[in-house]
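Each chain, written out:
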Amino acid sequence: MNRARLLPALLLATLSMPALALDDPMLKRAEAVLKRQPIIDGHNDWPGALRGSFGEGWWSQDLKADSRKFTRPLMTDITRLHQGRVGGQFWSVYVPATVTGPQAVKATIEQIDIVRGFVAKYPADFELAATAADIRRIQKTGKVASLMGVEGGSQIDNSLPVLRMYHALGVRYMTLTHTKHNDWADSANEPPRAEPFSAYGKAIIHEMNRIGMLVDLSHVSPGTMKAVLATAKAPVIFSHSSARGIADHVRNVPDDVLPLVKANGGVVMTTYVPGFINSARQAWEAARAGERQRLSALYIAQPDRQAAGMKAWEASNPLPPVGIKDVADHIDRLVKLAGVDHVGIGGDLDGIESTPTGLEGVETYPALIAELLRRGYSEADCEKIAGGNLLRVMEAAEKVAASMAGELPPDVKP
């Protein structure tokens, strides 16, 4: 969906929030919760969105300005990060899985440069964090503790030295795959192979545990999830995934994996992607894709007729609504099967075309916490979901790394 077409609705919903805040006691309680434990979000694609919108020209942009008014409206800006009580953010340094080899490494370094660049440009608002203690210290100052996540194992080009250098530059998790298999792990988006996770993949997990880099299982297949959970010494994360028992999408975590996450000590960070969290929206998106393919085959080399056909289809097939309650339903499911100590938030903002109503940008996190309070969650549990659970996982991973400090890196080949 063209994000520009959604702008009027997004603006209307967002501009109405302050009036609601004055009347809603749960929002007031949510603000109090987030004052004690600010949001630590597991996945935001703002660096890639800035690069996609402005290229190197992002340096000259005012990142405190309302980014909803940019030519390509965005879901993130500095002012709204503070409004949303964000105290920690894992910025995705994403490179498409179709980009491989040395080119993927180069593109990743360029993405890392964007994050380090806006942190340096706005020192009153951002500070790089390397540890859980750093996050705790930085969020008390009102700044956004900034960490990075590499969103796909293909970005290391089968090189443990590259992995270690990413860590040195501030990367604190790596998603093992993106939308394609790599040489050592299966993605959720392709048919499973006989061996979903190789011996080299196990060596990568060992090295990530040794250096204190979190293992991220969003995007991987269930077979890879289970193999890693049987291998990892440190707790894992799902940086932006939800519950497959609510919406049967491959990007979500199956019910039988959630108890394994609990046993591992990890955390599943609930995402906002409408097609991942709402089955009606997922079916609508599949039908729309099928109609687009049908029109392309029917009206070959006739883009005007194809566009007219899609417009007519969309007019007769209204977009199924997705809202804040859908996200909370996933949190309920994750809490039921994994426990409240193993749930977090990873919105995937600026990596998606649209959001659930009520969660249009980074300013809206208090609304989600308010919804959880309305459902009977305690303030202490909301603090865990907001960021406390992620901090616990980081601290546990740091202890594992300290225990492995005397070990040599693996000497293996892919």
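Scroll up a little and you will see the structure.
Each chain has its residues counted from 1, running along the sequence as written. Selection of residues for local features in this predicted model requires a pLDDT of at least 70, selection of side-chain atom pairs for listing and counting requires 80 or more, and totals for whole chains, interfaces and linings are taken over all residues. The basis for every side-chain value is the complete set of heavy atoms in the structure, and neither hydrogens nor water enter the calculation.

Chemist: Give a detailed account of the packing of helix α7 (residues 132-140) against helix α17 (residues 379-403), specifying residues and quantitative values.
Modeler: Fitting a line to C-alpha atoms yields each axis, with helices limited to the stretch in contact; the angle taken between N-to-C directions then spans 0 to 180 degrees. Only runs of H or I of at least four residues qualify as helices and only runs of E of at least two qualify as strands under DSSP, and these elements are numbered from the N terminus. Where α7 meets α17, the axes come as close as 8 Å, and the angle between the chain directions of the two elements is 145°. Contacts from Ala132, Ile135, Arg136 and Gln139 of α7 reach α17 at Leu391, Met394, Glu395 and Glu398. We call two residues in contact when some of their heavy atoms are within 4.5 Å.

Chemist: Which residues make up the nonpolar core, and what values do they have?
Modeler: Joining through side-chain atoms within 4.5 Å is the link that ties buried Ala, Val, Leu, Ile, Met, Phe, Trp, Tyr and Cys residues into a set, and such a set is a nonpolar core. Only protein chains enter the area calculation, which uses a 1.4 Å probe; residues under 20% of their type maximum are buried, those over 50% are exposed, and those in between are partly exposed. Counting 91 residues, the largest nonpolar core has Phe118, Phe126, Met174, Leu176, Leu217 and Ile369 as its most contacted members. Residues contacting Phe118, with those up to four places away along its chain left out, are Trp46, Pro47, Leu50, Trp58, Leu63, Trp91 and Phe126. Grouped together as the second largest cluster of nonpolar side chains are 21 residues, Ala132, Ala234, Met269 and Ala397 included.

Chemist: Requested: an account of the packing of aromatic side chains, with residues and values cited.
Modeler: A pair of Phe, Tyr and Trp rings is counted when the ring centres sit within 6.5 Å of each other, with Trp represented by its six-membered ring. The angle between the planes then sorts it: under 30 degrees is stacked, over 60 is edge-to-face, the rest tilted. Taken as a whole and assessed by the stated rule, the structure comprises twelve aromatic pairs. Between Trp91 and Phe126, the aromatic rings sit 6.2 Å apart at their centres with planes inclined by 80°, giving edge-to-face as the arrangement. With Trp91 in strand β2 (residues 86-92) and Phe126 in strand β3 (residues 126-128), the pair connects residues that are 35 residues apart, well separated along the chain. Both residues of the pair, Trp91 and Phe126, count as buried.

Chemist: Can you tell me about the layout of surface pockets, naming the residues and giving the values?
Modeler: Where empty space is left becomes clear once a probe the size of a water molecule has been rolled over the atoms. We place a 1 Å grid over just the protein atoms. Points where a 1.4 Å probe fits but has no way out form a cavity, open points with protein on both sides within 12 Å along at least 5 of 7 lines form a pocket, and any residue with an atom within 4 Å of a point lines it. Grid points are joined across faces, edges and corners, and a volume is the space filled by probe spheres set on the points. A volume near 460 Å³ is recorded for the largest pocket. Lining the largest pocket are 25 residues, with Asp45, Tyr94, Glu151, His178 and Gly351 sitting closest to its centre. The element best represented in the lining of the largest pocket is helix α4 (residues 46-54), accounting for four residues.

Chemist: Please give an account of the environment of Tyr365 that cites residues and values.
Modeler: Considering the arrangement of structural elements, one finds Tyr365 in helix α16 (residues 365-374). Take Tyr365: its relative accessible area is 0%, and that puts it in the buried class. If we skip the residues at most four places from it in the chain, Tyr365 touches Leu34, Ile39, Asp41, Gly84, Val86, Gln89, Tyr272, Ile345 and Leu349.

Chemist: Hey, could you go over the pairing of strand β1 (residues 39-44) for me, with residue numbers and the actual values?
Modeler: Here β1 lies mainly inside the structure; six of its six residues are buried. As judged from the four bridges shared by β1 and β2, these two strands associate in the parallel manner. Looking across to β2, one finds that Asn44 is bridged to Trp91. Strands qualify as paired when DSSP identifies two bridges or more between them.

Chemist: Describe helix α3 (residues 25-36), with residues and values.
Modeler: In this model α3 runs 17 Å from its N-terminal to its C-terminal C-alpha over twelve residues, within 8% of the 16 Å that 1.5 Å per residue would give. Pairs of N or O atoms within 3.5 Å make up the polar contacts considered here, provided that, within protein, one atom can donate a hydrogen while the other can accept it, and that residues adjacent in sequence are counted only when both atoms are side-chain atoms. By the N-cap criterion, in which a side-chain oxygen at the helix start approaches the backbone nitrogen of a residue two or three places on, α3 is capped by Asp24, the distance to Met26 being 2.8 Å. Helix span is expected to be 1.5 Å times the residue number reduced by one.

Chemist: Please set out the pattern of salt bridges residue by residue, giving values where relevant.
Modeler: Any Lys or Arg side-chain nitrogen found within 4 Å of a carboxyl oxygen on Asp or Glu counts as a salt bridge. With the rule as written, the count across this model stands at 30 salt bridges. The partner of Glu379 in a salt bridge is Arg29, with the nearest N and O atoms 2.9 Å apart. Taken together, the residues span a long stretch of sequence, with Glu379 in helix α17 and Arg29 in helix α3 at a distance of 350 residues. Residue classification places Glu379 among the partly exposed residues on the basis of a relative accessible area of 26%. Close ionic contact of Glu371 with Lys325 constitutes a salt bridge, the shortest N to O distance being 3.5 Å. Note that Glu371 is positioned in helix α16 and Lys325 in helix α15 (residues 324-338), a separation of 46 residues in sequence. By relative accessible area, which is 4% here, Glu371 ends up buried. Each of the salt bridges in this network shares a partner with another, and the network as a whole consists of Asp24, Lys325, Asp329, Asp332, Glu371, Arg374 and Arg375.

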